[in-house]
Amino acid sequence: MKFEVITKTEHNEIVTAIGWSPDAQLFSCSDDKNLMKWSSDGSNVTKVSTTNVFITSLSWMPSSGKQSTDIFAASCTDGTFRFISRSGREEKKIAAHEGAVIVIEWSHDGTALLTAGEDGDIKLWSKSGNLRSTLLSTGQSIYAAVWGPDDDQVLIANGKSLTIKSIQARKKNVQWNAHEGVILCIDWNVSNDLLVSGAEDCTYRIWDSFGRQLYSSRPMENVITSVKWSPNGECFAVGSYNILRLCDKTGWTHSRERIKSGSIIDMIWTSDGTQLAGAGGNGSVIFAQVIDRKYEWKNIEAVLIETRKIRVRDIMNESVEDIEFAKDRIVDIGLGYDYLVVTTTNQCYIYHINNLNTPIIFDMKGPSHFIHLSKTIFLTMDL
């Protein structure tokens, strides 16, 4: 498992925020005040608009059912956050914090917004922008905060400590000393309920939801500026100065890519977990595809060698056959019981190991993040 990385530079200043729209277009914001729209592979880019304020973070409103959204929320240095449409038009502006708003994030169900700022406050808002509550006042700048898997808790980076704060007022907080330096980035995965954090002590660490440490990296060359779990929880990405890492959920590094990006300020995965985008400190936007995933069953090995190509090898007779998908990216692969099951962004392909030329194909409503095979049936699941 590794990243295949390309970098694109269209901004003139540091890229501060990025976000995937529901139809897999990437939007990027920079200190040059330009809002740019990119195709999923970075091949096409267009300028959407010019903002009148510096944007620090953005979060697309989650889609509900079949209805996709065309609005994202953007936090700004003037203490406001704004609802901005796909066309770049400002729909609403809300005064939120004293000083810059550093963090903004929609809840997973799209019913609430979380903001955190230089004033040390963490606030919850309705989806229309009305203040619900001030969840916590810390007295120092908050650089990272994320929702918990069930949207009933919030993970907060408070200096060198991590705090899990319940939305229910009477529930006790969980707080622990997590790093030797100020924590700059955190993430909490929906699938595996694990936390990852990165800090100025140049380490990244994995925690369970009780605050118990499961893994700590050795100190890296530079400060860890961004961390992000893949939606399926099997891996996460770590960003620092000119370095992008791909690690599995135990913390083991599978890929370490040197790129000319400066510090990677922000990262976000596509909903199918096949692609990562990053915001570079030198004005670049990073596009990284996950390839070289391996699956084995008895004497058969299937390897994702490109985003749309699988290589199937029989180690007994040394035969090799490639399967190419012209239309969509490969999302997940299942191998077992003489069958190879492949899901793309829109379809599912079922191959018998002895006949890889004529698969059974059916359409899917959305990408699958999990495949489990048994002798007679198989299970797919999306998030």
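Computed from a predicted model, the values in this text were never measured in an experiment.

The rules behind each value
- Residues numbered from 1 in each chain as written.
- Predicted model: local features only at pLDDT ≥ 70, side-chain atom pairs only at ≥ 80, totals over all residues.
- Heavy atoms only, no water.
- Helix = DSSP H or I, 4+ residues; strand = E, 2+ residues; numbered from the N terminus.
- Rg over C-alpha atoms; globule rule 2.2 N^0.38 Å.
- Buried < 20%, exposed > 50% of the residue type's maximum accessible area, 1.4 Å probe, protein only.
- Contact = heavy atoms within 4.5 Å.
- Areas by Shrake-Rupley, 256 points an atom, 1.4 Å probe, with all protein chains shown as cover.
- Lys, Arg positive; Asp, Glu negative; His and termini not counted.
- Charge placed at Lys NZ, Arg CZ, Asp CG, Glu CD.
- Salt bridge = Lys/Arg side-chain N within 4 Å of Asp/Glu carboxyl O.
- Pairing = 2+ DSSP bridges.
- Axes fitted to C-alpha atoms, helices over the stretch in contact; angles between N-to-C directions.
- Phe/Tyr/Trp six-rings, centres within 6.5 Å; stacked < 30°, edge-to-face > 60°.
- Lys NZ or Arg CZ within 6 Å of the ring centre and 35° of its normal.
- Polar contact = N/O pair within 3.5 Å; in protein donor to acceptor, adjacent residues only side chain to side chain.

Colleague: What is the right way to read the overall build of the protein from this model?
Modeller: Looking only at helices and strands, the protein has zero helices and 36 strands in total. Since a compact globule built from 383 residues should have a radius of gyration of about 21 Å, the 21 Å found for the protein is in line with a globular shape. Taken over the C-alpha atoms alone, the protein extends approximately 70 × 45 × 40 Å along its principal axes. Counting all 383 residues of the protein, 55% fall into the buried class. Of the contacts formed within the protein by residues at least 6 apart in sequence, a portion of 40% connects residues at least 24 apart. Accessible surface, the protein as shown: approximately 17400 Å² in total, 46% of it carbon and sulfur. Charged side chains in the protein number 39 positive and 46 negative. The centres of these two groups are separated by 2 Å.

Colleague: Is there a simple way to explain the pattern of salt bridges in this structure?
Modeller: Two side chains with opposite charge may pair up if their charged atoms get near one another. Under the definition given, this model contains 15 salt bridges. For Arg-205, the salt bridge is made with Glu-180, and the minimal N-O distance between the two is 2.8 Å. Taken together, the residues Arg-205 in strand 20 (residues 204-207) and Glu-180 in the loop between strand 17 (174-177) and strand 18 (183-188) connect sequence positions 25 residues apart. By relative accessible area, which is 55% here, Glu-180 ends up exposed. Arg-205 serves as the salt-bridge partner of Asp-201, at 3.9 Å between the closest nitrogen and oxygen. By relative accessible area, Asp-201 is classed as buried at 14%. What makes Arg-205 buried here is its relative accessible area of 9%. One continuous salt-bridge network, built from bridges that share partners, spans Asp-23, Asp-70 and Arg-86.

Colleague: Just checking my understanding: could you explain the sheet that holds strand 1 (residues 2-9) for this structure?
Modeller: Each strand in a sheet pairs with its neighbour through backbone hydrogen bonds, running either in the same direction (parallel) or in the opposite one (antiparallel). On the basis of which strands lie adjacent, the open sheet formed by six strands has the order 1-26-25-24-23-22 and antiparallel pairing. The outermost strands of the open sheet, each flanked by one partner alone, are strand 1 and strand 22 (226-229). For this sheet, the mean angle separating the axes of adjacent strands, direction not counted, is 35°. Looking at chain direction, strand 23 (residues 235-248) and strand 24 (residues 253-269) are connected through six bridges and run antiparallel. Counterpart to Leu-244 in the pairing with strand 24 is Glu-257.

Colleague: Is there a simple way to explain the packing of aromatic side chains in this structure?
Modeller: Both the distance between ring centres and the angle between the ring planes are used here to describe each pair of aromatic rings. One pass over the structure, following the stated rule, counts 15 aromatic pairs. Relative to Phe-236, the ring of Trp-229 has its centre 5.0 Å away and its plane inclined at 65°; by these criteria the two rings are edge-to-face. In textbook terms, an aromatic cluster arises when at least three aromatic residues are bridged by ring pairs, as seen for Phe-81, Phe-83, Trp-106 and Trp-125. The cationic tip of Lys-33 hangs over the ring face of Phe-54; the distance from NZ or CZ to the ring centre is 4.7 Å.

Colleague: Sorry, what's going on with the sheet that holds strand 13 (residues 131-137) here?
Modeller: In spatial order, the strands read 10-11-12-13; together these four strands make up an open sheet with antiparallel pairing. Pairing within the sheet leaves two strands with one partner each, and these edge strands are strand 10 (101-106) and strand 13. Strand-to-strand twist of the sheet, defined as the mean angle between neighbouring strand axes without regard to direction, takes the value 20°.

Colleague: How should the environment of Asp-41 be read in this particular structure?
Modeller: Here Asp-41 lies in the loop between strand 4 (34-38) and strand 5 (45-50). Judged by relative accessible area, which is 39%, Asp-41 ranks as partly exposed. Each C-alpha atom, one on Asp-41 and one on Phe-287, is 6.7 Å from the other, the two residues being 246 residues apart in sequence. When residues no more than four places from it in sequence are discounted, the contact partners of Asp-41 are Ile-6, Gln-275 and Phe-287. A polar contact is formed between the side chain of Asp-41 and the side chain of Ser-39, at a distance of 2.9 Å. Looking at Asp-41, its side chain comes within polar contact range of the side chain of Ser-43, at 2.7 Å.

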